[in-house]
Amino acid sequence: AAAQAADYDFFYLVLQWPGSYCDTKKSCCYPRTGKPAADFGIHGLWPNRDDGSYPQNCNPANAFDPSKVSDLLSSLRAEWPTLACPASDGLQFWAHEWEKHGTCAQNLFNEHGYFQTALHLRDQLRVLDALASAGVAPDGGYYTLSAVKGAIQQGTGFEPFVECNRDESGNSQLYQLYFCVDARASGFVECPVQPGGRPCGDRIEFPAF
Ligand code: 5GP
Ligand code: 5GP
Ligand code: 5GP
């Protein structure tokens with residue numbers, strides 16, 4: 001069969017801060033395998049178009065098959081943990097991400113390649129070290145948006161888009177980081193377009209986890 005052309009221009013690698021997923025009115029549940037490390041985890045690797053739109057659920061026939069990633073499971077548990085309730089082992093989260101987003105990049109990778117690529121990309125960033133080098137730490141303190149973005153730019157070479165959510169008291173907090181990856185998933189690039197979302201404000205809480 002002829003290779004399918006890509007229906008996207010780049011990827012977002014989206015990382016989530018578990019402290020901010022949990023520090024909301026909805027709260028969270030730890031995976032059945034235990035509390036994840038206090039580090040940024042993967043939310044997903046999402047094909048996206050330069051105009052901000054994106055394909056989704058591209059191949060219902062290619063449902064997630066855990067046996068295809070059996071060699072990656074310990075890395076996935078450590079670096080792509082689920083925090084949704086009720087507590088689970090992560091398989092549902094990974095299935096959702098593969099089926100909604102991964103199946104839209106089948107021109108580039110199969111299920112194993114999708115997860116392996118996302119793990120490799122995350123390993124290159126070391127975001128928490130970049131933040132720590134600039135004195136930005138998950139200590140429940142408040143930081144400016146430019147301090148957070150500047151620290152990550154300094155340490156990783158790339159400036160992410162920062163998405164905030166609200167803690168139980170309504171304070172804006174550092175929730176997700178969007179990094180951009182080229183269409184071959186070979187490395188990070190400057191973002192062609194910013195994802196939508198409301199502003200963070202200039203006082204951003206960085207809750208502990
Ligand atoms: P939310 O409503 O939480 O912003 O987004 C819900 C879901 O829609 C995300 O988890 C993701 O699956 C998808 N999504 C939201 N924004 C984007 C985007 O800019 N690009 C892509 N590819 N997916 C997105
Ligand atoms: P998206 O927002 O990527 O379309 O969908 C995320 C889906 O995965 C939602 O149904 C959400 O409940 C589920 N999910 C499971 N674990 C997590 C998690 O740790 N973080 C996020 N953001 N969603 C999770
Ligand atoms: P500028 O492009 O001038 O830096 O920012 C324009 C607007 O976008 C400002 O309101 C600024 O706070 C917001 N903004 C810039 N970068 C980010 C980001 O990473 N996350 C969020 N949520 N807003 C941002």
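I will try to describe carefully the structure that is included in this document.

1. Notes on the site of ligand 1
Taken together, Tyr12, His43, Trp46, Pro47, Asn48, Tyr54, Lys100 and His101 are the residues near ligand 1. One of the side-chain nitrogen or oxygen atoms of His43 is found 3.4 Å away from an oxygen atom of ligand 1. A distance of 3.2 Å separates a nitrogen atom of ligand 1 from a polar atom in the backbone of Pro47. Taking 480 Å² as the accessible area of ligand 1 by itself, protein coverage stands at 64%. In the shell around ligand 1, the residues fall into four nonpolar, three polar and one charged.

2. Here's the deal with the site of ligand 2
By nearness alone, every residue bordering ligand 2 is listed as Gln16, Tyr21, His43, Pro81, Thr82, Leu83, Ala84, Phe93, His96, Glu97, Lys100 and Tyr175. Gln16 places a side-chain nitrogen or oxygen 2.9 Å from a nitrogen atom of ligand 2. In the environment of ligand 2, a nitrogen atom lies 2.6 Å from a nitrogen or oxygen atom belonging to the side chain of Thr82. Coverage of ligand 2 by the protein amounts to 71% of the 510 Å² it exposes when considered alone. Residue contributions to the shell around ligand 2 peak at four residues, all from helix H3 (residues 91-100).

3. Digging into the environment of Glu79
With respect to the secondary-structure elements, Glu79 resides in helix H2 (residues 73-79). As for Glu79 and Asn107, which are separated by 28 residues in sequence, their C-alpha atoms are 25 Å apart. Apart from the residues within four sequence positions on either side, Glu79 is in contact with Gly41, Ile42, Leu119, Arg122 and Asp123.

4. Considering the pairing of strand S1 (residues 10-16)
The element S1 is extensively covered by neighbouring structure, given that seven of its seven residues are classed as buried. On S1, burial covers both faces: Phe10, Tyr12, Val14 and Gln16 on one face and Phe11, Leu13 and Leu15 on the other are all buried. Where S1 and strand S2 (residues 41-48) come together, seven bridges link them in antiparallel fashion. The residue bridging Tyr12 from the neighbouring strand is Trp46, located in S2. Where S1 lies against strand S5 (residues 172-182), seven bridges are found, and the strand directions are antiparallel. Along S5, the bridge assignment pairs Tyr12 with Cys180.

5. Structural notes on the nonpolar core
One finds Leu13, Phe40 and Phe115 to be the most contacted residues of the largest nonpolar core, which totals 49 residues. The greatest single-element share of this core, amounting to six residues, is contributed by helix H4 (residues 111-125). Excluding residues within four positions of it along the chain, Phe40 makes contact with Leu15, Gln16, Trp17, Arg122, Val127, Leu128, Leu131, Leu174, Leu177 and Phe206. Counting seven residues, the second largest nonpolar core, distinct from the first, contains Phe10, Tyr12, Phe161 and Cys180.

Rules and cut-offs
- Residues numbered from 1 in each chain as written.
- Chains lettered and ligands numbered in written order.
- Predicted model: local features only at pLDDT ≥ 70, side-chain atom pairs only at ≥ 80, totals over all residues.
- Heavy atoms only, no water.
- Near = heavy atom within 4 Å.
- Polar contact = N/O pair within 3.5 Å; in protein donor to acceptor, adjacent residues only side chain to side chain.
- Areas by Shrake-Rupley, 256 points an atom, 1.4 Å probe, with all protein chains shown as cover.
- Nonpolar A, V, L, I, M, F, W, Y, C, P; charged D, E, K, R; others polar.
- Helix = DSSP H or I, 4+ residues; strand = E, 2+ residues; numbered from the N terminus.
- Contact = heavy atoms within 4.5 Å.
- Buried < 20%, exposed > 50% of the residue type's maximum accessible area, 1.4 Å probe, protein only.
- Pairing = 2+ DSSP bridges.
- Core = buried A, V, L, I, M, F, W, Y, C linked by side-chain atoms within 4.5 Å.

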